[in-house]
Amino acid sequence: LQRFESSRLRMFHVYVLKSCRKDNWHYVGSSADPRKRTQSHNRGKVRATKGYRELSIIYTEAYATRSEAYRMEMYYKTAEGKAELKAKLTELGVW
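Here's what I pulled together on the structure shown here. (Residues numbered from 1 in each chain as written. Predicted model: local features only at pLDDT ≥ 70, side-chain atom pairs only at ≥ 80, totals over all residues. Heavy atoms only, no water.)

**Observations concerning the overall build of the chain**
And step 1. Helix and strand counts for the chain come out as four helices and three strands.
And step 2. From first element to last, N terminus to C terminus, the chain shows the α and β order α-β-β-α-β-α-α.
And step 3. C-alpha extents for the chain along the principal axes are approximately 50 × 30 × 20 Å.
And step 4. Expressed as a percentage of its 95 residues, the buried residues of the chain come to 34%.
And step 5. Of the contacts made within the chain by residues no fewer than 6 positions apart, 54% connect residues no fewer than 24 positions apart.
And step 6. Looking at the chain as shown, the accessible area adds up to about 6,600 Å², and 49% of this sits on carbon and sulfur atoms.
And step 7. Taking the average location of the 20 positive side-chain charges in the chain and that of its 10 negative ones, the two points are 10 Å from each other. (Helix = DSSP H or I, 4+ residues; strand = E, 2+ residues; numbered from the N terminus. Buried < 20%, exposed > 50% of the residue type's maximum accessible area, 1.4 Å probe, protein only. Contact = heavy atoms within 4.5 Å. Areas by Shrake-Rupley, 256 points an atom, 1.4 Å probe, with all protein chains shown as cover. Lys, Arg positive; Asp, Glu negative; His and termini not counted. Charge placed at Lys NZ, Arg CZ, Asp CG, Glu CD.)

Set out below in structure tokens:
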């Protein structure tokens, strides 16, 4: 029972990283552990972000399932989703 309860509490996240080296460069990803995943990005383990290190998390959204988080990650990578995300992050003052 304990194992079932702990697995139900596990959340999956969509995260946005911002490059500290390059202005206006952002990366959207999804992970069960965005902090650990950001460490992988900053170590150069992710080809898409290797040239943009040092990266910091500027935004996260939590979802109950991996598939929901992945769906939102893919949406935020579309033109419509990018515009929505940029508006959201601009409103929060982190874009």
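**Some remarks on the nonpolar core**
And step 1. Counting 12 residues, the largest nonpolar core consists of Phe12, Val14, Val16, Val28, Ile58, Tyr59, Tyr63, Ala69, Met72, Tyr76, Leu85 and Leu89.
And step 2. When contributions to this core are tallied by element, the ones reaching two or more residues are strand 1 (12-19), strand 3 (55-63), helix 3 (66-76) and helix 4 (79-92).
And step 3. Within the second largest apolar cluster, five residues are counted, among which are Leu17, Trp25, Tyr27 and Leu55. (Core = buried A, V, L, I, M, F, W, Y, C linked by side-chain atoms within 4.5 Å.)

**Notes on the sheet that holds strand 2 (residues 26-31)**
And step 1. Spatial strand order, 2-1-3: three strands in an open sheet with antiparallel pairing. Since the sheet does not close on itself, it has two edges, and those belong to strand 2 and strand 3, each with one partner. Averaged over all pairs of adjacent strands, the angle between their axes in this sheet comes to 20 degrees, without regard to strand direction.
And step 2. Bridge count between strand 1 and strand 2: six bridges; the pairing is antiparallel. Bridge pairing links histidine 13 to serine 31 in strand 2.
And step 3. Across the sheet, helix 3 touches strand 1, strand 2 and strand 3, and the angle it forms with strand 1 is around 35 degrees.
And step 4. In the packing of helix 4 onto the sheet, the strands contacted are strand 1, strand 2 and strand 3, and the crossing angle to strand 3 comes to about 110 degrees. (Pairing = 2+ DSSP bridges. Axes fitted to C-alpha atoms, helices over the stretch in contact; angles between N-to-C directions.)

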